[in-house]
Amino acid sequence: MTVKPPEFYAGYIEPQSAANENTQPEYRYNHTIETPRGHLIEMDDTPDRERIRISHRANTFIEIAPNADGTFKIFGDGYHITMGDYNVSVGVDDGQNAHKMNIVVYGDVNMRVTGDKVETIEGNYEQHVKGHYKQVVEKTSTIQSQGDLIIGGGY
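None of the values given here were measured: they were computed from a predicted structure.

*Asks:* Sorry if this is basic, but what is going on with the pattern of salt bridges here?
*Replies:* Pairing between side chains becomes possible if they bear opposite charge and their charged atoms approach one another. Summed over the entire model, instances satisfying the criterion amount to five salt bridges. Notably, a salt bridge pairs Arg51 with Glu42, separated by 2.7 Å at the nearest N-O pair. Take Arg51 and Glu42: they sit in the same class, and that class is buried. Here Arg51 ties to Glu63 by a salt bridge, and the two come within 3.3 Å at their closest N and O atoms. Separated by twelve residues along the polypeptide, Arg51 in strand E3 (residues 51–55) and Glu63 in strand E4 (residues 61–64) bring together distant segments of the chain.

Next comes the structure, spelled out in structure tokens:
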């Protein structure tokens, strides 16, 4: 039996700003505040290209597009510290609009959980490890399948 690795999505494309080389804000609709050091707050009411942008002089920015999409791009290290619960939801649970989350890390990922970790996957779960896979369990390890359990090696 040959197992084909999953076709993982390797990235995404950053959306282009409504204010780009081809579609510049119109003077009478674009309201800006710029500091002497180059920080910028822009509120653009150009028809069909309305947007809000807050920019740091070192290029980090937050932009809200005309369709209400948002981009937060950091040209440095990023930190999000929450002292209470933190909740993330992608899409709407209406059974009709399937959405996805893409996470690409060009480097290592380290995760530490000081309590329990529980995952519920209502579809399939696949892992494709191109290097070695090591699992260390300090107490009981259980594998249970309500269907067939297939273990193979040496492909």
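That shown, we press on.
*Asks:* Could you clarify how one ought to interpret the pairing of E4 in this entry?
*Replies:* Both faces of the sheet carry side chains from a regular strand, because those side chains alternate between them. The two faces of E4 differ: Phe61 and Glu63 on one face are buried, but Ile62 and Ile64 on the other face are not. Of the pairings in the sheet, the one linking E3 to E4 comprises four bridges and is antiparallel in character. Counted as the bridge partner of Ser55 is Phe61 from E4. The antiparallel pairing of E3 with E4 creates a hairpin that spans five residues between the two strands, and Asn59 there sits at a positive phi of about 85°.

*Asks:* What is the right way to read the side chain of Glu42 from this model?
*Replies:* Residue placement: Glu42 occurs in strand E2 (residues 40–44). Only 2.7 Å separates the side chain of Glu42 from the side chain of Arg51, close enough to count as a polar contact. Ignoring any residue separated from it by four or fewer positions in sequence, one finds Glu42 in contact with Pro25, Asn30, His31, Thr32, Arg51, Ile52 and Arg53.

*Asks:* Looking at this structure, I do not really get a nonpolar patch on the surface. What am I missing?
*Replies:* A contiguous nonpolar patch, built from Ile33, Ile41, Met43, Ile52, Ile54, Ile62, Ile64, Phe72 and Ile74 and spanning about 780 Å² of accessible area, is present on the exposed surface. Elements supplying a minimum of two residues to the nonpolar patch: E2, E3 and E4.

*Asks:* Help me understand the sheet that holds E2, please; the structure alone is not making it clear to me.
*Replies:* Within a sheet, neighbouring strands are paired by backbone hydrogen bonds and run either parallel or antiparallel to one another. Ordered by their spatial adjacency, five strands build an open sheet running E1-E2-E3-E4-E5, and the pairing between neighbours is antiparallel. Because the sheet does not close on itself, it has two edges, and the strands there are strand E1 (30–34) and strand E5 (70–73). Averaged over all neighbouring strand pairs, the angle between strand axes comes to 5°, with direction disregarded.

Cut-offs used in this document
- Residues numbered from 1 in each chain as written.
- Predicted model: local features only at pLDDT ≥ 70, side-chain atom pairs only at ≥ 80, totals over all residues.
- Heavy atoms only, no water.
- Salt bridge = Lys/Arg side-chain N within 4 Å of Asp/Glu carboxyl O.
- Buried < 20%, exposed > 50% of the residue type's maximum accessible area, 1.4 Å probe, protein only.
- Helix = DSSP H or I, 4+ residues; strand = E, 2+ residues; numbered from the N terminus.
- Pairing = 2+ DSSP bridges.
- Polar contact = N/O pair within 3.5 Å; in protein donor to acceptor, adjacent residues only side chain to side chain.
- Contact = heavy atoms within 4.5 Å.
- Patch = residues over 30% accessible without salt bridge, like charges linked within 9 Å, V, L, I, M, F, W, Y side chains within 5 Å.
- Areas by Shrake-Rupley, 256 points an atom, 1.4 Å probe, with all protein chains shown as cover.
- Axes fitted to C-alpha atoms, helices over the stretch in contact; angles between N-to-C directions.

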